[in-house]
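# Coordinate inspection notes
Given next are the chains, with one letter for each unit.
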Number of protein chains: 2
Amino acid sequence: MQKKYQFPVIASDIVIFTVDKGILKTLLIQMKKQPFESFWAAPGGLVKVNESVDQAAARILSEKTGLEKVYLEQLYTFGEIDRDPFGRVVSVAYFALISKEGLSLKTTSEYKDVSWFDAKKLPKLAYDHQEIIAKAVACLKNKLEHSNIIYSLLPKEFTLSELQKIYEIILSKKFDKRNFRKKILSLHMLKKLSKKQTGQANRPAMLYSFVHTSPQQVKVI
Amino acid sequence: MQKKYQFPVIASDIVIFTVDKGILKTLLIQMKKQPFESFWAAPGGLVKVNESVDQAAARILSEKTGLEKVYLEQLYTFGEIDRDPFGRVVSVAYFALISKEGLSLKTTSEYKDVSWFDAKKLPKLAYDHQEIIAKAVACLKNKLEHSNIIYSLLPKEFTLSELQKIYEIILSKKFDKRNFRKKILSLHMLKKLSKKQTGQANRPAMLYSFVHTSPQQVKVI
DNA sequence: CCAAAAGTGTTATGACTACACCCATGA
DNA sequence: TCATGGGTGTAGTCATAACACTTTTGG
């Protein structure tokens, strides 16, 4: 088993993030095989010879969530010799951001279970996935401060309070409402729609949307 | 030749930087084999089954420069299908920073030549090495602004003007001498030595050294 | 004494922080 | 009319940017 592969093999693992009920969550699958039986792990798979590593990551993401065209970025490559007891596997890790709206999880027979976990309270993880997810969370925080990618965690139309709440959840930090609005509006990333929120028992908020829904470098917070 | 490998193979390429004579330089090797005969490339090699990817990068660096214990950081993994005409090779790229002091290059028979090039005026490069080096330069600029790793490009003792010059060369930007000194000294990264420069036809400068010569996150410039 | 780089302070401007009250709606 | 979150401005502080002359040395 130790020498299953004569050369290192390339896999890809995907840390999938969403924000749901005020919590940053990540999608994990529960394993069946020893020595990681019942341990959880980020979804992953081998890179095939006829697909690029990016394509492999997108395929794995699509297999687990059914989603195409979501934000997907390479994170880091994990290449320690003993990271996988089944053989010599180098993993090119990615992270994905999705807006959780009526997303159905595909539990295949390959795994015991699939579920969302609070990214800050993880269960026992297989392989070096503890390290991978920690790095993904750190990278996500950093990206949120230096780019506009938060758009991929929000619905098309949203209020400034919803936007602020997502920054606060991920960065574990509170912002002053007035200062936050001043800052975020000065960046011209958002356009104000001529619509208001409906159906809640208080003053309805103005809705906004992103001017660009493609990744851009911006000093945000 | 196209199907030399049945699975993707893992290689590592190292972009080695130094600053010499006021220029940011990178070490390239000149290839012998078709279709890249006489093209230049960043040094690289396959990752062996009994070494980690980090170890492979350090080994390749050491084989080309004879140096151990230099600053070496993973950059990005390049995994396009057709990036290497010899077969399916995924490359985990690294970049290294060295202080060029009496460094002897090992030209092996494997290559036509080994030489330093201005990182902003590169010759025809093999594979996707144009892209790899461009990404390495961008990453280096970013790192210089957010960490103390510039220590690895300087000798143990240096003047503030030498330090400023390295920032200016890499960031392609001039700084005001007074503001630069105020800023850099306020970070407490440097200690003033009780020595002065000797042997030049002008007022001798005070020498400084770094307090820490290990990578640290700092907002520098 | 001349050439060359070292060293040094002040002022103006822009960015960030802290902070409290009135508004619009549904129940 | 009450509860709930929406929406708004100002003043103080801090970091950054602009700017020019004197000092020390070797030749």
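Residues numbered from 1 in each chain as written. Chains lettered and ligands numbered in written order. Predicted model: local features only at pLDDT ≥ 70, side-chain atom pairs only at ≥ 80, totals over all residues. Heavy atoms only, no water.

What follows concerns the domain arrangement of chain A. All names here are of chain A. On domain assignment, one finds that chain A holds domain 1 (9-145) and domain 2 (149-210). Using only C-alpha atoms to locate each centre, domain 1 and domain 2 end up separated by 28 Å. Across the contact surface, domain 1 and domain 2 share zero salt bridges. At the level of elements, strand 1 (9-20), strand 2 (23-30) and helix 2 (129-146) are the ones that each hand at least two residues to the side of domain 1 that touches domain 2. By residue number, the principal contributor to the side of domain 1 that touches domain 2 is helix 2, which donates five residues. Per-class residue counts for the side of domain 1 that touches domain 2 are nine nonpolar, three polar and five charged. (Domains from an automatic or database assignment. Salt bridge = Lys/Arg side-chain N within 4 Å of Asp/Glu carboxyl O. Helix = DSSP H or I, 4+ residues; strand = E, 2+ residues; numbered from the N terminus. Nonpolar A, V, L, I, M, F, W, Y, C, P; charged D, E, K, R; others polar.)

All names here are of chain A. For strand 1, a buried count of 12 out of 12 residues is recorded, marking the element as mostly surrounded by other parts of the structure. Bridge count between strand 1 and strand 6 (residues 89-97): nine bridges; the pairing is parallel. Counted as the bridge partner of serine 12 is valine 92 from strand 6. Sheet topology note: the strand 1/strand 2 ladder contains four bridges and is antiparallel. (Buried < 20%, exposed > 50% of the residue type's maximum accessible area, 1.4 Å probe, protein only. Pairing = 2+ DSSP bridges.)

As a further point, take the protein's contact with DNA strand C. Of all residues adjacent to DNA strand C, which total 21 residues, the nearest are Ser161, Lys177, Lys182, Asn202 and Met206 of chain B. Sugar and phosphate atoms form 39% of the subset of DNA strand C atoms that lie within 4 Å of the protein. Within the side chain of serine 161 of chain B, one N or O atom sits 2.7 Å away from a phosphate oxygen of DNA strand C. Broken down by secondary-structure element, the contributors of at least two residues to the surface near DNA strand C are helix 4 (177-186) of chain A together with helix 4 (177-186) of chain B. (Near = heavy atom within 4 Å. Polar contact = N/O pair within 3.5 Å; in protein donor to acceptor, adjacent residues only side chain to side chain.)

Let us look at the interface of chain B and chain A. On the side of chain A, 24 residues touch chain B, which itself brings 24 residues to the contact. Of the roughly 1,900 Å² buried at the junction of chain B and chain A (both faces included), carbon and sulfur atoms supply 59%. Sorting the residues of chain B by area buried against chain A places Ile10, Val49 and Gln74 of chain B first, and these three jointly supply 28% of that buried surface. Inspection of the region where chain B meets chain A yields zero salt bridges. Inspection of the chain B/chain A interface yields 11 residue pairs in polar contact (both at pLDDT 80 or more). Counting only elements with at least two residues in the side of chain B that touches chain A, the list comes to strand 1 (9-20), helix 1 (53-65), strand 5 (71-78) and strand 6 (89-97) of chain B. Classifying every residue of the side of chain B that touches chain A gives 12 nonpolar, seven polar and five charged. (Contact = heavy atoms within 4.5 Å. Buried area = accessible area lost by both parts, 1.4 Å probe.)

Before going further, it helps to examine the relation of the copies chain B and chain A. Of the two same-sequence chains, chain B is brought onto chain A (RMSD 0.1 Å, axial shift 0.0 Å) by a rotation of 180 degrees. Both copies of the chain, as the preceding transformation shows, are related through a two-fold rotation axis. A shared interface surface links the copies, since 100% of the contact residues of chain B are contact residues in chain A too. (Least-squares fit on C-alpha atoms with pLDDT ≥ 70 in both.)

For the rest of this paragraph, the subject is the protein's contact with DNA strand D. Neighbouring DNA strand D are 21 residues; Lys177, Asn202, Arg203 and Met206 of chain A together with Arg203 of chain B lie closest to it. Counting only the atoms of DNA strand D that lie within 4 Å of the protein, the sugar and phosphate share comes to 39%. One of the side-chain N or O atoms of lysine 182 of chain A is found 2.9 Å from a base oxygen in DNA strand D. One of the side-chain nitrogen or oxygen atoms of asparagine 202 of chain A is found 2.8 Å away from a sugar or linking oxygen of DNA strand D. Secondary-structure elements contributing two or more residues to the surface near DNA strand D are helix 4 of chain A together with helix 4 of chain B. Taken together, the residues that form the surface near DNA strand D break down as six nonpolar, five polar and 10 charged.

To continue, consider the nonpolar core. Within the largest apolar cluster, 48 residues are counted, with the highest numbers of intra-cluster contacts made by Ile14 and Ile16 of chain A together with Ile14 and Ile16 of chain B. In this structure isoleucine 14 of chain A touches Ala42, Pro43, Ala57, Ile60, Leu61, Leu72, Tyr94 and Ala96 of chain A, once residues within four positions along its chain are discounted. In this structure, Tyr71, Val137, Leu144 and Leu163 of chain A belong to the second largest nonpolar core, which totals 44 residues. (Core = buried A, V, L, I, M, F, W, Y, C linked by side-chain atoms within 4.5 Å.)

In this section: a positive patch on the surface. Taken together, the side chains of Lys173, Lys183 and Lys219 of chain A together with Lys173, Lys183 and Lys219 of chain B make up a positively charged region of the molecular surface. Mapped onto the secondary structure, lysine 173 of chain A falls in the loop between helix 3 (160-171) and helix 4. (Patch = residues over 30% accessible without salt bridge, like charges linked within 9 Å, V, L, I, M, F, W, Y side chains within 5 Å. Areas by Shrake-Rupley, 256 points an atom, 1.4 Å probe, with all protein chains shown as cover. Lys, Arg positive; Asp, Glu negative; His and termini not counted. Charge placed at Lys NZ, Arg CZ, Asp CG, Glu CD.)

One pass over the structure, following the stated rule, counts 20 aromatic pairs over all chains. Seen from their ring centres, tryptophan 40 of chain A and phenylalanine 117 of chain A are 4.6 Å apart, and the 70 degrees between their planes marks the pair as edge-to-face. With a gap of 77 residues between them, tryptophan 40 of chain A in strand 3 (residues 40-41) and phenylalanine 117 of chain A in strand 7 (residues 113-118) connect regions that are remote in the sequence. Across this residue pair, the class does not change: tryptophan 40 of chain A and phenylalanine 117 of chain A are buried. Judged by centre distance (5.2 Å) and plane angle (40 degrees), the rings of phenylalanine 158 of chain B and phenylalanine 210 of chain B are tilted. Within this pair, whereas phenylalanine 158 of chain B is found in the loop between helix 2 (129-146) and helix 3 (160-171), its partner phenylalanine 210 of chain B is found in strand 9 (residues 206-210), the two being separated by 52 residues in sequence. Among the residues examined, phenylalanine 158 of chain B registers a relative accessible area of 0% and is labelled buried. An aromatic cluster is built from Phe17, Tyr71 and Phe95 of chain A, whose rings are joined through pairwise contacts. Above the ring of tyrosine 76 of chain A, the side-chain terminus of lysine 135 of chain A is found at 3.6 Å from the ring centroid. Across the ring face of phenylalanine 86 of chain B, the terminal group of lysine 33 of chain B is positioned such that the distance to the ring centre comes to 5.5 Å. (Phe/Tyr/Trp six-rings, centres within 6.5 Å; stacked < 30°, edge-to-face > 60°. Lys NZ or Arg CZ within 6 Å of the ring centre and 35° of its normal.)

Residue and element names in this part refer to chain B. Counted at 1.5 Å a residue, the expected span for helix 3 with its 12 residues is 16 Å, and the 16 Å between its end C-alpha atoms agrees. Across the 12 residues of helix 3, nine count as buried, placing the element largely inside the fold. When helix 3 is considered as a whole, its buried residues turn out to be Leu160, Leu163, Gln164, Ile166, Tyr167, Glu168, Ile169, Ile170 and Leu171. Looking at the buried positions of helix 3, the neighbouring elements they touch are strand 1, strand 2 (23-30), helix 2, helix 4, strand 8 (190-196) and strand 9. Looking one or two residues beyond helix 3, the residue adopting positive phi is serine 172, at roughly 50 degrees. (Expected span 1.5 Å × (residues − 1).)

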